[in-house]
Amino acid sequence: MNTGNVNKVILMLALTASCSAQAAENETTDSDRIAAYREMISDGNPAEFDEMRGEELWKTAAGPNQATLEKCDLGKGPGVVKGAYAELPRYFKDTAKVQDLESRLLTCMTSLQGLKEDEIAAKPFASNKKASDISSLATYVVGQSKGVKMAVSTKHPKAKEAYEIGKRIFNYRAGPYDFACSTCHATSGVRIRMQDLPNMRSNKKDAQAAYTTWPAYRVSQGLTRSFQWRLNDCFRQQRFPEPKFASEATVALTTFLAVSANGAKYDGPGLKR
Amino acid sequence: MNAKQIFKMIMAASFAAAILPAQAASLDAKTAEIIKRDFRDKGIAKATRVNQDELQAACSKYVDNVPAKLKHKLEAEQEKAVKWPADGKYMGDWKAGEKLAQSGRGMTWSDKPEDPAGGNCYNCHQLSAKEIAYGTIGPSLLHFGKTRGNTEETQRYAYGRIYNAKAYNACANMPRFGHMGILTEAQIKDLVALLLDPESPVNK
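Residues numbered from 1 in each chain as written. Chains lettered and ligands numbered in written order. Predicted model: local features only at pLDDT ≥ 70, side-chain atom pairs only at ≥ 80, totals over all residues.

Concerning the overall build of chain A
For chain A, the count of helices and strands is 11 helices and 8 strands. The buried share of chain A, taken over its 273 residues, is 46%. Long-range contacts, defined as pairs at least 24 residues apart, comprise 66% of the intrachain contacts of chain A with a sequence gap of at least 6. (Helix = DSSP H or I, 4+ residues; strand = E, 2+ residues; numbered from the N terminus. Buried ≥ 20, exposed ≤ 12 C-beta atoms within 10 Å, placed from the backbone. Contact = placed C-beta atoms within 7 Å.)

A short note on the overall build of chain B
Scanning chain B for helices and strands turns up 9 helices and 1 strand. Out of the 204 residues belonging to chain B, those deemed buried represent 38%. At a minimum sequence separation of 6, the contacts of chain B that also span at least 24 residues come to 59%.

Here we look at the interface of chain B and chain A
Taken together, the contact between chain B and chain A spans 41 residues of the former and 35 residues of the latter. Broken down by element, the residue count for the side of chain B that touches chain A peaks at 7 residues, all from helix H2 (residues 24-38) of chain B. Residues that form the side of chain B that touches chain A fall into these classes: 22 nonpolar, 10 polar and 9 charged. In terms of strand pairing, strand E7 (residues 242-243) of chain A meets strand E1 (residues 39-40) of chain B through 2 bridges, oriented antiparallel. When the bridges of E1 of chain B are listed, Glu242 of chain A appears paired with Arg40 of chain B. (Nonpolar A, V, L, I, M, F, W, Y, C, P; charged D, E, K, R; others polar. Pairing = 2+ DSSP bridges.)

Considerations on the confidence of the model for chain B
For chain B, the mean per-residue pLDDT works out to 93, and 89% of the residues sit at or above 70. Here the prediction assigns the complex a pTM of 0.88, and the interface score ipTM is 0.89. (pLDDT = per-residue confidence, 0-100.)

Quick notes on the nonpolar core
By size, the foremost hydrophobic cluster in this structure holds 93 residues, and its most contacted members are Val141 and Ala252 of chain A together with Val192 and Leu195 of chain B. Leave out the neighbours within four places in its chain, and Leu195 of chain B touches Leu141, Phe144, Gly145, Ala158 and Val202 of chain B. Among the nonpolar cores identified, the runner-up in size contains 6 residues, and Leu55, Ala58, Ala170 and Cys171 of chain B belong to it. (Core = buried A, V, L, I, M, F, W, Y, C linked by C-beta atoms within 7 Å.)

Re the sheet that holds strand E8 (residues 270-272) of chain A
Through backbone hydrogen bonds, the strands of a sheet pair up, either in parallel or in antiparallel fashion. Residue and element names in this part refer to chain A. As summarised here, the arrangement of the 3 strands in space is E6-E5-E8, forming an open sheet in which the pairing is mixed. The sheet terminates laterally at strand E6 (223-225) and E8, the two strands that pair on one side only. Across the sheet, the axes of successive neighbouring strands diverge by a mean angle of 30°, strand direction being ignored. Looking at chain direction, strand E5 (residues 216-218) and E6 are connected through 3 bridges and run antiparallel. (Axes fitted to C-alpha atoms, helices over the stretch in contact; angles between N-to-C directions.)

Some thoughts on unusual backbone geometry
With an omega of -10°, the peptide bond between Trp214 of chain A and Pro215 of chain A qualifies as cis. One can find Pro215 of chain A in the loop between helix H9 (204-211) and E5. Cis peptide bonds are those with omega within 30 degrees of zero, and the linkage from Gly268 of chain A to Pro269 of chain A qualifies with -5°. Within the secondary structure, Pro269 of chain A sits in the loop between helix H11 (248-260) and E8. For Ala96 of chain A, which is not glycine, the phi dihedral falls at a positive 55°. Checked against the element boundaries, Ala96 of chain A lands in the loop between strand E1 (90-92) and strand E2 (97-99). In this model, Asp64 of chain B sits at a positive phi of 65°, which is unusual for a non-glycine residue. For Asp64 of chain B, the position within the fold is in the loop between helix H3 (54-61) and helix H4 (68-80). By C-beta crowding, Asp64 of chain B is classed as partly exposed, having 19 other C-beta atoms within 10 Å.

Notes on H2 of chain B
For H2 of chain B, which comprises 15 residues, the first-to-last C-alpha distance of 21 Å matches the rise-based estimate of 21 Å (1.5 Å per residue) to within 8%. Every buried residue of H2 of chain B is accounted for by Thr31, Ile34, Ile35 and Asp38 of chain B. End-on view of H2 of chain B: buried residues confined to an arc of 100°, all on one side of the axis. Of the exposed residues in H2 of chain B, those oriented more than 90 degrees away from the buried face are Ala25, Ala29 and Glu33 of chain B. In this structure, the buried side of H2 of chain B is in contact with helix H7 (157-170), E7 and H11 of chain A together with E1 of chain B. (Expected span 1.5 Å × (residues − 1). Arc of directions from axis to C-beta.)

What to know about the packing of H7 of chain A against H2 of chain B
Where H7 of chain A meets H2 of chain B, the axes come as close as 9 Å, and the angle between the chain directions of the two elements is 70°. Considered as vectors, H7 of chain A and H2 of chain B are oriented roughly perpendicular to each other. Here the hand of the crossing between H7 of chain A and H2 of chain B comes out right-handed. Between H7 of chain A and H2 of chain B, the residues in contact are Glu164, Ile165, Arg168 and Ile169 of chain A and Leu27, Asp28, Lys30, Thr31, Ile34 and Ile35 of chain B, respectively. Class assignment for the residues of the contact of H7 of chain A with H2 of chain B results in 5 nonpolar, 1 polar and 4 charged. (Parallel < 35°, antiparallel > 145°, perpendicular 65-115°, else oblique. Left-handed = near helix turned anticlockwise from the far one by under 90°.)

Considerations on the environment of Trp214 of chain A
Residues and elements named next belong to chain A. Position of Trp214 among the secondary structure elements: in the loop between H9 and E5. Under the C-beta neighbour-count criterion, Trp214 is labelled buried, with 21 such atoms within 10 Å. For the pair formed by Trp214 and Trp229, sequence separation is 15 residues and the distance between their alpha carbons is 10 Å. Trp214 has contacts with Phe227, Arg230, Gly268 and Gly270, leaving out every residue within four places of it along the chain.

Focus: the packing of H7 of chain A against H11 of chain A
Residue and element names in this part refer to chain A. In the contact formed by H7 and H11, the axes pass within 7 Å of each other and the chain directions differ by 95°. By the angle between their axes, H7 is roughly perpendicular relative to H11. Within the contact between the two elements, H7 uses Ala159, Ala162, Tyr163, Ile165, Gly166, Lys167, Ile169 and Phe170 and H11 uses Ala249, Val251, Ala252, Leu253, Thr254, Thr255, Phe256 and Val259.

Structural notes on the environment of Gln228 of chain A
All names here are of chain A. Here Gln228 is to be found in helix H10 (residues 227-237). When the C-alpha atoms of Gln228 and Pro215 are compared, they prove to be 8.8 Å apart, with 13 residues separating the residues in sequence. In this structure Gln228 touches Glu102, Pro124, Phe245, Ala246 and Thr250, once residues within four positions along its chain are discounted.

Regarding the confidence of the model for chain A
Looking at chain A as a whole, its pLDDT mean stands at 90, while 86% of the residues score no less than 70. Ignoring residues within four places in sequence, the model shows residues 1-26 of chain A, a span with pLDDT below 50, making 20 contacts including any to other chains.

Spelled out as structure tokens, the structure:
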């Protein structure tokens, strides 16, 4: 059993204990239990293991160019990681594109390290069998913005356009169920089965709380999940086809969501059921 | 001012114009273009699923607040396309209906082609008092039959509403279970029975 697995077992035991202790209180919701669980392990989120893995990857020479990512420009200058995530997505002059964290990491891994984009994009998410480098790198970078106020700018016309397109994607109904993001995420105080749903359209507090706690460690999956993964799995449940990793559509949607979280302190990587 | 600066100014001016509210149509077009390009087949979820029918396009464009005239036109079209049961019977087996109502599976890229779709009912509605894990996106349907009575008119209404909720409210959140081929006629009848049969837990 590796450390990840040991850790998972300990967590599951802790969660079980927490749930049964609370079962006596009739009106305790799942959300309350998870909040209590978060409190209980606030000294150590298992996402920290992924942050450490990502930091190691960031600082280790790799790829055909045997280069590290320490010169990667995440928007605040080459090598500046602190606070970078709180300003993403943003417009980048060198690529002439609006990029979220993961599409920007893709740029750095290809341009600095000489890795192939399609190879990284083919396996962008962690699974129980295999970790994902780009996902761990993302966990590391977001951790360096903990406590920093979200300040995503739409001053650049392309960033403004991404925001506008993202808003339209949020409302775009299609597929066999006619679902859009907004079907579940545009009303306050509703839930699907027992899962509370944040209103990302018109409830600033909901939008901030949701956005600032991703990426997150998912207890039910035993994995740290990136924001691109979050969107990917939403579209799966929306009965949509699969969004391409780090595509313009996903970056635009992320821009819309990130801007609606502006003003709140970034609080990830988070911890979810 | 050199030629490069002038060029930059023209570009900036034309770009600014492109995102004025009056140009929303071009943003709509660009969004559609991006969506068509950036989604791909996965499992049973084919890329063509992003292509909208007239109703989906209208509800997206007007953010579920379609102008009244268009709304009525869309609803009439949806109603016209409802396939009513050939035998004139609307009620099936409420027990099969309860099973269907519990299942939230179906039609995602992780579902297999042979996996039958569920009704997804409890995802959004309260139904039986016994099931406490119900969603609240849709209204509570507890005691649906008890309060309305099990008349043929009510049965037909429930059947139509499940077959195509958009015939009653163009931009309803609820999927069009019959219209989109998610559930069969027999399955919809089972759900009607779940709602209206006096023996169903919904009416206990």
